[in-house]
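Listed here are the chains, written in short residue letters.
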Amino acid sequence: MAAALRIQSDWSRALSRDEGEAWLSCRSPGKPTLYGRVTRRGLSSDGVPDIAASEGFVVGEVTKKSILISCPHENVSTKFLAPYTSFCRIHQKSITCLDISSGGGLGVSTSTDGTMKIWQAANGEIRRLLEGHVYDVNCCRFFPSGLVVLSGGMDAQLKIWSAEDASCVVTFKGHKGGILDTAIVDRGRNVLSCSRDGTARLWDCGKSACLGVVADCGTPLNGIAVGTADNSLILGTPEKPPSEREVGTEGKILLLAREDKKLQGVGLQSRQPVFLFVGSDAFNCCTFLSSTYILAGTQDGNIYQLDVRNTNAPIQVIQRSGAPVLSLLPYRDGFIASQGN
């Protein structure tokens, strides 16, 4: 585990005023945490903040939206980025899931305040309130069209909504426990869900029916991801011919982030296991970097990068803190991770 350098506050707000201050910490495993602070002393002639760090830390490049800070003692440096904009009025409590439409115009999010809302990505203006789930809504995502939303809740129901008029057009029932994650196959004629009941299910949107249980793991499934498998991977053969209602399942692999510390790969069409990897703690999330490489995050803060062709040992294990890894998203040549700290 490498040393982790953090700013212990909303630094962009703390340093937006004259003589603003934000706290720093640098934590390395097995060593005492180093603490310090950064202070804004004013503005340069071109409007860039003049930032100084306390002993043990060094301020590098500073722009209006970023600060590069180093801790020479631990040979670590981190660039901290300020948000380009913040929307504070969409939800009253913590946001549990969000997605942005393919065109970038709309956002959808769920919260511990019990609401699910669609809003303008440009200004945060609330467009629609999606009401119909009983209890908490755990997950939401746009279909590729950007006009339809898929959601899953603790009421064990999977719902499809119109983003234009907030109507619920389809409700899927079949899970015996709360739905924790969803995935969309290709353009969305079929969708997937996973649940606390330990199953992952494939659904037909046109007929509002379950096409089958893809996996029954006997432990809660916290996250799923579907992707095109590498050509060399053996996905298995279905025990019976797939339904004609299955569209786009051939050649796909489904990742299952399991509560029992296991990450599993299953052939989506065959329903056959492809691999099983044991991690350090419960897996919360997973994603594809490519048809070959995958990522998965655990409750104890590990991010595993694996090659699906050989999962005997991870390519690398990344840990910046012991906080739970809650979500992973491929981004350019790397990825973005969110953690519970």
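Quick caveat, the model's predicted, so the values are computed rather than measured.

Calculation notes
- Residues numbered from 1 in each chain as written.
- Predicted model: local features only at pLDDT ≥ 70, side-chain atom pairs only at ≥ 80, totals over all residues.
- Heavy atoms only, no water.
- Helix = DSSP H or I, 4+ residues; strand = E, 2+ residues; numbered from the N terminus.
- Buried < 20%, exposed > 50% of the residue type's maximum accessible area, 1.4 Å probe, protein only.
- Domains from an automatic or database assignment.
- Core = buried A, V, L, I, M, F, W, Y, C linked by side-chain atoms within 4.5 Å.
- Contact = heavy atoms within 4.5 Å.
- Pairing = 2+ DSSP bridges.
- Axes fitted to C-alpha atoms, helices over the stretch in contact; angles between N-to-C directions.
- 1 Å grid on protein atoms, 1.4 Å probe; cavity = no way out; pocket = protein on both sides within 12 Å on 5 of 7 lines; lining within 4 Å.
- Points joined across faces, edges and corners; volume = space filled by probe spheres on them.
- Nonpolar A, V, L, I, M, F, W, Y, C, P; charged D, E, K, R; others polar.
- Disulfide = S-S within 2.5 Å.
- Salt bridge = Lys/Arg side-chain N within 4 Å of Asp/Glu carboxyl O.

Caption draft 1: Molecular detail of unusual backbone geometry. Positive phi values are uncommon outside glycine, yet Y135 reaches one of about 70°. Here Y135 shows up in the loop between β11 (126–129) and β12 (137–142). Residue class for Y135 comes out exposed when judged on its relative accessible area of 64%. Although it is not a glycine, D186 adopts a positive phi angle of roughly 50°.

Caption draft 2: The domain arrangement of the chain, seen in detail. Along its sequence, the chain is organised into domain 1 (4–81) and domain 2 (95–339). Its C-alpha centre places domain 1 at a distance of 36 Å from the equivalent point of domain 2.

Caption draft 3: Representation of the nonpolar core in the model. Core analysis: the largest hydrophobic core is formed by 25 residues, its most contacted members being F172 and V191. Mapped by element, the contributors of at least two residues to this core are β9 (106–111), β10 (116–120), β12, β13 (148–153), β14 (157–162), β15 (168–173) and β16 (179–185). No other element matches the four residues that β12 contributes to this core. With near-sequence residues (within four places) excluded, F172 lies in contact with A156, Q157, L158, I160, V191, W203, D204, C205, S208 and A209.

Caption draft 4: Structural context of the sheet that holds strand β2 (residues 21–27). Read from one edge of the open sheet, four strands run β1-β2-β3-β4, paired in antiparallel fashion. In this open sheet, the two edge strands, each paired with only one partner strand, are β1 (4–7) and β4 (49–53). Taking the axes of each pair of neighbouring strands and ignoring which way they run, one obtains an average angle of 25° across the sheet. Alignment of β1 against β2, held across four bridges, turns out to be antiparallel. Of the residues in β2, the one forming a bridge with A4 is R27.

Caption draft 5: Quick look at the layout of surface pockets. Each pocket or cavity is described by its volume, and for the largest pocket that value is around 1700 Å³. In this structure, the largest pocket is lined by 48 residues; those nearest its centre are C97, R141, D181, S327 and L328. Here the element with the most residues in the lining of the largest pocket is strand β20 (residues 221–228); it accounts for seven residues. In terms of residue class, the lining of the largest pocket is built from 24 nonpolar, 17 polar and seven charged. Of the voids in this model, the second largest pocket is the one considered here, and its volume is about 1100 Å³.

Caption draft 6: Broad picture of the state of the cysteines. As enumerated under the stated definition, the model contains zero disulfides in all. C88 takes part in no disulfide bond, and the closest cysteine sulfur, belonging to C140, lies 19 Å away. A relative accessible area of 53% means that C88 is categorised as exposed. With no disulfide of its own, C139 has C97 as its nearest cysteine by sulfur position, at a separation of 6.1 Å. For C139, a relative accessible area of 2% gives the class buried.

Caption draft 7: Geometry of the pattern of salt bridges. Applying the stated criterion to the full structure yields 10 salt bridges. Put simply, E21 and R37 hold a salt bridge, and the shortest N to O gap is 3.1 Å. Of the two residues, E21 sits in strand β2 while R37 sits in strand β3 (residues 34–43), which places them 16 residues apart along the sequence. Here E21 falls in the partly exposed class, since its relative accessible area comes to 36%. When the shortest N-O distance is used, the salt bridge between R41 and D50 registers 3.1 Å.

Caption draft 8: Layout of the environment of L81. Counting through the fold element by element, L81 comes out in strand β7 (residues 76–81). Sequence separation of L81 and D230 is 149 residues, and the distance between their C-alpha atoms is 35 Å. Among residues more than four places away in sequence, those in contact with L81 are W11, K65 and S66.

Caption draft 9: Fine view of the pairing of β20. In terms of burial, β20 is a largely internal element, six of the eight residues being buried. Two strands pair when backbone bridges link them, and β20 and strand β21 (residues 252–258) are joined in this way by seven bridges, in the antiparallel orientation. Within β21, the position partnered with G227 by the bridge is I253.

Caption draft 10: Main features of the sheet that holds β16. With antiparallel pairing, the four strands of this open sheet are ordered in space as β16-β17-β18-β19. In the strand order of this sheet, the two ends are held by β16 and β19 (209–216), each with one partner. Neighbour to neighbour, the strand axes of the sheet diverge by 20° on average, direction disregarded. Of the pairings in the sheet, the one linking β16 to strand β17 (residues 190–195) comprises six bridges and is antiparallel in character. When the sheet's bridge partners are listed, D181 is paired in β17 with C194.

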